[in-house]
Amino acid sequence: MPLFALICRDRPGHLQTRLDNRAAHLGYIEQSGAVAQAGPFLDGAGQMCGSLVILDVANRAAAEAWAAGDPYAQAGLFDSVTIEEWKRVIG
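Please read all numbers here as calculations on a predicted model, not as lab measurements.

Caption draft 1: Layout of the pairing of strand 3 (residues 48–56). When strand 1 (residues 3–10) meets strand 3, the two strands line up antiparallel, connected through seven bridges. Pairing of Arg9 across the sheet is with Gly50, part of strand 3. Pairing of strand 2 (residues 35–42) with strand 3 involves seven bridges; the strand directions are antiparallel. Bridge pairing in strand 3 links Val35 to Leu55. The hairpin turn running from strand 2 into strand 3, its antiparallel successor, is five residues long, and Gly46 in that turn takes a positive phi close to 80°.

Pasting the structure below:
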């Protein structure tokens with residue numbers, strides 16, 4: 001299956017939204033079984049400000065569906081979400 005990178009940037013000033021929905025987001029990751037790697041982006045102060053999620057799914061439509069179902073997305077956390085097909089070369 002192809003890999004897809006979700007590059008998500010938080011809305012400015014929405015750290016509390018991230019914190020309030022973090023447990024649901026992590027539960028969604030675990031429940032879906034589609035996430036190969038994931039972690040937050042950090043700003044200059046070391047605060048979470050976005051996400052990188054590598055999905056192992058059948059196609060772009062499945063990646064889009066996963067992204068739409070993410071509790072962070074449903075809470076309106078993200079300012080932008082980019083989905084790119086990604087090829088693992090190292091690791």
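From this point, the narrative continues.
Caption draft 2: How the structure looks around the pattern of salt bridges. For the structure shown, the criterion picks out two salt bridges. Of the charged contacts, one joins Asp10 and Arg18 as a salt bridge, the two residues approaching to 2.7 Å between their closest N and O atoms. The exposure class assigned to Asp10 is buried, which follows from its relative accessible area of 10%. Close ionic contact of Arg11 with Asp79 constitutes a salt bridge, the shortest N to O distance being 3.9 Å. One end of the pair, Arg11, is in the loop between strand 1 and helix 1 (15–32); the other, Asp79, is in strand 4 (residues 78–86), with 68 residues separating them in the sequence.

The rules we used
Residues numbered from 1 in each chain as written. Predicted model: local features only at pLDDT ≥ 70, side-chain atom pairs only at ≥ 80, totals over all residues. Heavy atoms only, no water. Pairing = 2+ DSSP bridges. Helix = DSSP H or I, 4+ residues; strand = E, 2+ residues; numbered from the N terminus. Salt bridge = Lys/Arg side-chain N within 4 Å of Asp/Glu carboxyl O. Buried < 20%, exposed > 50% of the residue type's maximum accessible area, 1.4 Å probe, protein only.

All we've got here are geometric facts, nothing functional implied.
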